[in-house]
Amino acid sequence: MVLKTKGELELMDQANALVHEVLDHLGGLIAPGVTTRELDGTAEKMIRGAGAVPAFLHYKGFPATLCTSINDVIVHGIPDDTPLEDGDIIGIDCGVLFKGYYGDSARTFAVGEVSAGALELLDVTRGSLEKAVESVRPGAHLSDIGHAVQNHVESHGFTVVREFVGHGIGTALHEDPQVPNFGRPGRGPRLKPGLVLAIEPMVNAGVPGVKMDRDGWTARTEDGSLSAHFEFSVAVTESGPRVLGRGAGA
Ligand code: MG
Ligand code: MG
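Criteria and cut-off values
Residues numbered from 1 in each chain as written. Chains lettered and ligands numbered in written order. Predicted model: local features only at pLDDT ≥ 70, side-chain atom pairs only at ≥ 80, totals over all residues. Heavy atoms only, no water. Salt bridge = Lys/Arg side-chain N within 4 Å of Asp/Glu carboxyl O. Helix = DSSP H or I, 4+ residues; strand = E, 2+ residues; numbered from the N terminus. Buried < 20%, exposed > 50% of the residue type's maximum accessible area, 1.4 Å probe, protein only. Phe/Tyr/Trp six-rings, centres within 6.5 Å; stacked < 30°, edge-to-face > 60°. Donors = N, O, S within 2.8 Å, 3.2 Å for Na, K, Ca; no water. Pairing = 2+ DSSP bridges. Axes fitted to C-alpha atoms, helices over the stretch in contact; angles between N-to-C directions. Contact = heavy atoms within 4.5 Å. Core = buried A, V, L, I, M, F, W, Y, C linked by side-chain atoms within 4.5 Å.

**Regarding the pattern of salt bridges**
Reasoning step 1: According to the stated counting rule, one finds 10 salt bridges in the structure shown.
Reasoning step 2: The salt bridge involving R242 is made with E10; its shortest N-O contact spans 3.3 Å. Within this pair, whereas R242 is found in strand β15 (residues 240–243), its partner E10 is found in helix α1 (residues 6–29), the two being separated by 232 residues in sequence.
Reasoning step 3: Its relative accessible area of 26% is what places R242 among the partly exposed residues.
Reasoning step 4: Taking the shortest distance from any N to any O, the salt bridge between E154 and R162 comes out at 4.0 Å.
Reasoning step 5: The class of E154 is partly exposed, set by a relative accessible area of 40%.

Here it is, written out as structure tokens:
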């Protein structure tokens, strides 16, 4: 595990601030009729305009700046010309490389008016990320994070995806350790100041299983149920968790 200096955390804060700026902006554009390719083009322009590079574009051959994951797509959906529809939910995952450091964050948005069930899924998934962040402090165990997610999600009757996990992040997009969204507390290494983790619960309304599309990227729920995804890059500091790119106290 790579521990970052205070100076490095400032740079990672800048990278993640750009990611949040992009997600804020895209959130204002999301509406029925908009295509994911349009959102992707907007994101790429903003990222390059800020002097950064899209982190996912060409990553292991991924063809776009954003992962756009609609309804039953869990993660890694590829932007295309399909218009968003009223009642959809769309997960947008954005990564950038800025001044040598990666930022990575995701949110799931409602398109127009969505069902009460979809809204609850978004609330619970966002809530599970907040619980996970609250568990981050020096001396806590790595598995306390996944336990916090699983506990929150399952207490609301939803399920946690096992096949994809969070990760360390820094000068590489994916660093050690892996950060599962499930598990028993008190296991694994202890968290130390300077560690930065991308924590990213993926939560299904139905069964936790995953099936892959033929494109090799798009991961869907096995039963066609809705899925949501939220992600923050979080630094462990002496005083507790610091969500990078969200400003002081966020
Ligand atoms: Mg991400
Ligand atoms: Mg990530």
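**Things to note about the packing of aromatic side chains**
Reasoning step 1: In total, this model carries one aromatic pair according to the counting rule given.
Reasoning step 2: Ring centres 5.0 Å apart and planes at 85° place the aromatic pair F62 and W217 in the edge-to-face group. Within this pair, whereas F62 is found in the loop between β1 (53–54) and β2 (66–70), its partner W217 is found in the loop between β11 (210–212) and β12 (219–221), the two being separated by 155 residues in sequence.

**Brief notes about the coordination of the magnesium ion (ligand 2)**
Reasoning step 1: Within the protein, the magnesium ion (ligand 2) binds to D104 (OD), H167 (NE2), E200 (OE) and E231 (OE); these donor distances fall in the range 2.1 to 2.3 Å.
Reasoning step 2: Sequence positions of the donors to the magnesium ion (ligand 2) reduce to the motif D-x62-H-x32-E-x30-E.
Reasoning step 3: In this structure, the magnesium ion (ligand 2) is positioned 3.1 Å from the magnesium ion (ligand 1), and both are ligated by D104. Of this pair, E200 sits in the loop between β9 (196–199) and β10 (202–204) while E231 sits in the loop between β13 (227–229) and β14 (232–237), and the two are 31 residues apart along the sequence. When sorted by exposure, E200 lands in the same class as E231, which is buried.

**Details of the coordination of the magnesium ion (ligand 1)**
Reasoning step 1: Looking at the magnesium ion (ligand 1), the protein donor atoms are D93 (OD), D93 (OD), D104 (OD) and E231 (OE), and they sit 2.0 to 2.5 Å from it.
Reasoning step 2: All donors of the magnesium ion (ligand 1) belong to a single chain; written as a sequence motif, their spacing is D-x10-D-x126-E.

**Thoughts on the sheet that holds β14**
Reasoning step 1: The strand order across the open sheet formed by five strands is β8-β7-β9-β14-β15, and the pairing between neighbours is antiparallel. One side of each edge strand has no neighbouring strand; the edge strands of this open sheet are β8 (175–179) and β15. Sheet twist, expressed as the mean angle between neighbouring strand axes with direction ignored, is 25°.
Reasoning step 2: In the sheet, β14 pairs with β15 via four bridges, with the strands oriented antiparallel. When the sheet's bridge partners are listed, T237 is paired in β15 with G240.
Reasoning step 3: The strands that helix α4 (residues 142–155) touches are β8 and β9; relative to β8, the one it contacts most, it runs at about 40°.

**A look at the environment of G112**
Reasoning step 1: Along the polypeptide, G112 turns up in the loop between β5 (101–110) and α3 (116–134).
Reasoning step 2: Judged by its relative accessible area of 46%, G112 falls in the partly exposed class.
Reasoning step 3: A C-alpha to C-alpha distance of 38 Å links G112 and D176, two positions 64 residues apart in sequence.
Reasoning step 4: Excluding residues within four positions of it along the chain, G112 makes contact with P32 and D86.

**Some points on the nonpolar core**
Reasoning step 1: Membership of the largest hydrophobic core comes to 29 residues, with the highest contact counts inside it found for V136, I145, L191, L197, I199 and V234.
Reasoning step 2: A total of seven residues in this core trace back to one element, the largest contributor, which is α3.
Reasoning step 3: With residues up to four places along the chain from it excluded, the contact list for V234 reads V133, V136, L195, V196, L197, I199, P241, R242 and V243.
Reasoning step 4: Judged by nonpolar contacts, the second largest core, of 21 residues, contains L18, I92, F109 and V111.

**Some details on the environment of N16**
Reasoning step 1: Structurally, N16 is set in helix α1.
Reasoning step 2: Along the backbone, N16 and F109 are 93 residues apart, and their C-alpha atoms lie at a distance of 19 Å.
Reasoning step 3: Filtering out sequence-adjacent residues up to four positions away, N16 remains in contact with Y102, G103, D104, S233, L244 and G245.

**Side note on the pairing of β9**
Reasoning step 1: By the alternation rule, side chains of β9 split into V196 and A198 and L197 and I199, which are all buried.
Reasoning step 2: Taken together, the two bridges between strand β7 (residues 166–168) and β9 define a ladder with antiparallel strand orientation. Following the sheet pairing, H167 is matched in β9 by A198.
Reasoning step 3: Sheet analysis places β9 next to β14, joined by four bridges and oriented antiparallel. If you follow V196 over to β14, its bridge partner there is A235.

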